[in-house]
Amino acid sequence: MAANASSGGNPGEWDSRLGGLCGILFGVLVIATFATSYNFPAGPSEADATLAQFSSLRTAFLAGDIFIGLAVVFAIPYFVGVRNAFEGENRLLVGTATLLALVGIVVTAVAFIGEAVALDVLSGAYATGGVSKTAAIIVAQAVIGFGSVEVFGFLVFAAGFAVYGFATRRGRPFPRWLGYVGILGAVLFLLGAFPVSGAFIAILAGTVLILVWIFASSGLLWRSGTPRAAP
């Protein structure tokens, strides 16, 4: 994946290092997004309480919006770097995985940011009381319910890692075990999307495995792009 470096450096090596660095930042930002959104409304039934205390949640919503927005920015060079690491092998699978991952994270980010902005606007109407308050609660319930799009986006995102894992089954360009991590992470996240007992544990485990894939692949990209001294 990397050639011997010349005195000026091989462009492919620097591309790999950029992809690796962006992947690490991407993973950190995904974690930061989850950390800031742990107390966000879980369902439409929490619309009233969310609007009532939105002033105390505004900073967390804003931070989450910034983190997920930056995550999308760093995701692009990272996934391009992952795609290029396959050096044209399994072109259809790798292209599909890259598309799924990018579309998934973008959909998740748009839904996340859209929900935060809408609730911020509705909190103003809620504060006026009367009919406006009632209408704001009804609309907020719909907005929070629309948050299921975030889950769908992350499912598409996770599916990308499953396809990457399948493409890595021969141990190239990443270790075979990393391919299995991607597949298992996506399967667990899919299982967690169903309303069954233990769903949260499955989502948590799936997310952790996907993060392991991101950080491990980023480290391998960085290492593959490290200039090597000519013999």
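The rules we used
All residue numbers refer to position in the chain's written sequence, counted from 1. Confidence filtering applies because this is a predicted model: local features only for residues at pLDDT of at least 70, side-chain atom pairs given and counted only at 80 or more, and all residues used for totals across whole chains, interfaces and linings. Each side-chain value is derived from all of the structure's non-hydrogen atoms; neither hydrogens nor water enter the calculation. Note: pLDDT gives the predictor's confidence per residue, expressed from 0 to 100. Working rule for contacts: check all heavy atoms of both residues, and any pair within 4.5 Å makes them a contact. Here a pair means two rings of Phe, Tyr or Trp (six-membered ring of Trp) with centres within 6.5 Å. Their orientation is stacked below 30 degrees between planes, edge-to-face above 60, and tilted elsewhere. Secondary structure elements follow DSSP: runs of H or I of four or more residues count as helices, runs of E of two or more count as strands, with numbering from the N terminus. For the exposure calls, accessible area comes from a 1.4 Å probe over protein chains only, and a residue counts as buried if that area is under 20% of its type's maximum, exposed if over 50%, partly exposed in between. Cation placement over rings: the criterion is NZ of Lys or CZ of Arg within 6 Å of the ring centroid and within 35° of the ring normal. Under the convention used throughout, the expected extent of a helix is 1.5 Å for every residue step, that is, one less than its residue count. Basic side-chain nitrogens of Lys or Arg form a salt bridge, by our definition, when they fall within 4 Å of a carboxyl oxygen of Asp or Glu. Fitted lines through C-alpha atoms give the axes, limited to the stretch in contact for helices. The angle between two N-to-C directions lies from 0 to 180 degrees. Roughly parallel means an angle under 35 degrees; roughly antiparallel means over 145; roughly perpendicular covers 65 to 115; every other angle is labelled oblique. Helix crossings are classified by the rotation of the near helix relative to the far one: an anticlockwise turn of less than a right angle makes the crossing left-handed, while a clockwise turn makes it right-handed. The set of buried Ala, Val, Leu, Ile, Met, Phe, Trp, Tyr and Cys residues whose side-chain atoms join them within 4.5 Å is what this entry labels a nonpolar core. Polar contacts, as counted here, are pairs of nitrogen or oxygen atoms within 3.5 Å of one another; within protein the pair requires one atom able to donate a hydrogen and one able to accept it, and residues that are adjacent in sequence qualify only if both atoms are side-chain atoms. In this classification, the charged set is Asp, Glu, Lys and Arg, the nonpolar set is Ala, Val, Leu, Ile, Met, Phe, Trp, Tyr, Cys and Pro, and all remaining amino acids, among them Gly, are polar.

Atom-level detail of predicted coordinates should not be read off regions where pLDDT is low. On average, residues of the chain score 84 in pLDDT, and 91% of them reach the 70 mark or higher. Note on residues 1-8: pLDDT is under 50 here. Beyond four places in sequence and across chains, it has 16 contacts. Confidence drops under pLDDT 50 across residues 227-231; counting only partners more than four residues distant or on other chains, this segment forms eight contacts.

A few words on the packing of aromatic side chains. Applying the stated criterion across every chain, the model contains 17 aromatic pairs. On the basis of an interplanar angle of 85° and a centroid distance of 6.3 Å, the ring pair of F79 and F157 is categorised as edge-to-face. Pair noted here: F79 is in helix α3 (residues 54-85) and F157 is in helix α6 (residues 148-167), with a separation of 78 residues, a long-range link. Overall, the relative accessible area of 0% leaves F79 in the buried class. The rings of F26, F34, Y78, F79, F86, F154, F157, F161, Y164, F174, F189 and W213 are connected pair by pair, giving a single aromatic cluster. Over the ring of W222 we find R17; its NZ or CZ atom is 4.2 Å from the centre of that ring.

Before going further, it helps to spend a moment on the environment of D15. Position of D15 relative to the elements: it lies in helix α1 (residues 11-36). Look at D15 and you get partly exposed, because its relative accessible area is 46%. Through-space distance from the C-alpha of D15 to that of T134 is 53 Å; in sequence the pair is 119 residues apart.

Our focus in this paragraph is α3. What sets the pattern is the α-helix's 3.6 residues per turn: residues three or four places apart point alike. Here α3 spans 44 Å end to end across 32 residues, near enough to the 46 Å set by a 1.5 Å rise per residue. Of the residues trailing α3, E87 is marked for its positive phi of about 50°.

To continue, consider the pattern of salt bridges. Tallying each qualifying case throughout the model produces one salt bridge. In this structure, the salt-bridge partner of R58 is D120, at a minimum N-O distance of 3.0 Å. Here R58, found in helix α3, pairs with D120, found in helix α4 (residues 91-128); they are 62 residues apart in sequence, far enough to count as distant. Overall, D120 belongs to the partly exposed group, its relative accessible area being 32%.

Before going further, it helps to spend a moment on the packing of helix α7 (residues 176-192) against helix α8 (residues 199-224). Describing two packed helices takes the angle between their axes plus the distance from one axis to the other. Contact geometry for α7 and α8: axes closest at 7 Å, N-to-C directions at 150°. By the angle between their axes, α7 is roughly antiparallel relative to α8. Note that α7 runs across α8; the crossing there is left-handed.

Another aspect to go through is the side chain of T36. Tracing the chain through its elements places T36 in helix α1. Accessibility expressed as a relative area gives 17% for T36, which makes it buried.

Our next topic: the nonpolar core. F26, Y78, F79, F157, F174 and W213 are the most contacted members of the largest nonpolar core, which has 53 residues in total. Those elements that place two or more of their residues in this core are α1, α2 (47-52), α3, α4, α5 (130-145), α6, α7 and α8. Here this core gets 11 residues from one element, more than from any other, and that element is α3. If sequence neighbours within four positions are ignored, F26 has contacts with A71, F74, A75, Y78, F79, I105, F157 and I214.

What follows concerns the side chain of T108. Secondary-structure assignment places T108 in helix α4. Separated by 2.8 Å, the side chain of T108 and the backbone oxygen of G104 make a polar contact. Leave out the neighbours within four places in its chain, and T108 touches E150, G153 and F154.

Packing of α6 against α7 brings their axes to within 7 Å, and their N-to-C directions diverge by 155°. One element, α6, and the other, α7, form an angle in the roughly antiparallel class. Crossing handedness for the pair α6 and α7: left-handed. In contact with V151, F154, L155, A158, A159, F161, A162, G165 and F166 of α6, α7 contributes G179, G182, I183, A186, F189 and L190. The residue makeup of the contact of α6 with α7, split by class, is 12 nonpolar, three polar and no charged.

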